[in-house]
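Summary of the model geometry
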Amino acid sequence: AGPDFELLKKIIHEHTIEHKCKIPEENELVIHLRLGDIFQKSKYEKLRVKRLKKSVDRLFRKDNILNSNPEMIKKITIVTALHYGANEVNGKHFYTKHSYNQNLSFLSNFEERINARGFELNLISNENTDLDLCYMANSKYFVKGCSNFSHIIAKCMSDDAQIMNYTYR
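Points about the side chain of T16
The residue T16 is located in helix α1 (residues 5–18) in this model. Relative accessible area serves as the criterion here: at 8%, T16 is assigned to the buried category. Ignoring any residue separated from it by four or fewer positions in sequence, one finds T16 in contact with C21, I23, C134 and N138.

Considerations on the pairing of strand β2 (residues 75–83)
Two elements, strand β1 (residues 28–36) and β2, share nine bridges in a ladder whose sense is parallel. Within β2, the position partnered with V30 by the bridge is T77. Relative to strand β3 (residues 121–124), β2 runs parallel, the two being bridged by four bridges. Pairing of I76 across the sheet is with L121, part of β3.

What about the packing of α1 against helix α5 (residues 129–137)?
Any two packed helices are characterised by the angle at which their axes cross and by the distance between the axes. Packing of α1 against α5 leaves a shortest axis separation of 10 Å and a crossing angle of 110°. The orientation of α1 relative to α5 falls into the category roughly perpendicular. Residues I12, H15 and T16 of α1 form the contact with α5, whose own contacting residues are D130, L133, C134 and A137. Residue composition of the contact of α1 with α5, grouped by class: four nonpolar, two polar and one charged.

Conventions we followed
Think of each chain on its own: its residues are numbered from 1, step by step along the sequence as written. Totals for whole chains, interfaces and linings use all residues, but because this is a predicted model, local features are given only for residues with pLDDT of at least 70 and pairs of side-chain atoms are given and counted only at 80 or more. Hydrogen atoms and water are omitted, and side-chain values are computed over all heavy atoms in the structure. Starting at the N terminus, helices and strands are each numbered in turn, a helix being any DSSP run of H or I of at least four residues and a strand any DSSP run of E of at least two. Each residue gets one of three labels from its accessible area relative to the maximum for its type: buried under 20%, exposed over 50%, partly exposed in between, using a 1.4 Å probe on protein chains only. Should any heavy atoms of two residues lie within 4.5 Å, those residues are considered in contact. Note: two strands are recorded as paired if DSSP finds a minimum of 2 bridges between them. Here the axes come from fitting lines to C-alpha atoms, over the contacting stretch only for helices, and the angles between their N-to-C directions go from 0 to 180 degrees. Roughly parallel refers to an angle under 35 degrees, roughly antiparallel to one over 145, roughly perpendicular to one between 65 and 115, and oblique to any angle outside these ranges. Lys, Arg, Asp and Glu make up the charged group, whereas Ala, Val, Leu, Ile, Met, Phe, Trp, Tyr, Cys and Pro make up the nonpolar group; the residues left over, Gly among them, are polar.

This is the structure:
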């Protein structure tokens, strides 16, 4: 049998209440962005970044939520982490100053585009991943990112949540 998402959904709900986790507002669009070591110099990572940028562009097309029903959304929040995995052989992380700067540049550009639509961009990035998980899983409007984490979150959201894909897989 596969993962029991209904059980996980229940655990997230109980954890959110028990720990008084902050949750999104009713009219808040929550976007999950997986950032960090994606901005590397390898051909594979450059392709992932190209796809990420193309996918983010889809968020701003006329037929998407930011334009199709602007009265519905009053707040936009990105939940992200600058995640840098490690090489399993030598234990060194894939962090570079160049990659870090690329991430900041990407986020700055994203914020400019959101601001141009009349929204303020809010950013959430907790050291405790449970807080990010609970925040995203409790959103009413959610844009999935490119990770399995986003897939799991989408499976644990309420039945009336609107889940949008912009993933680049």
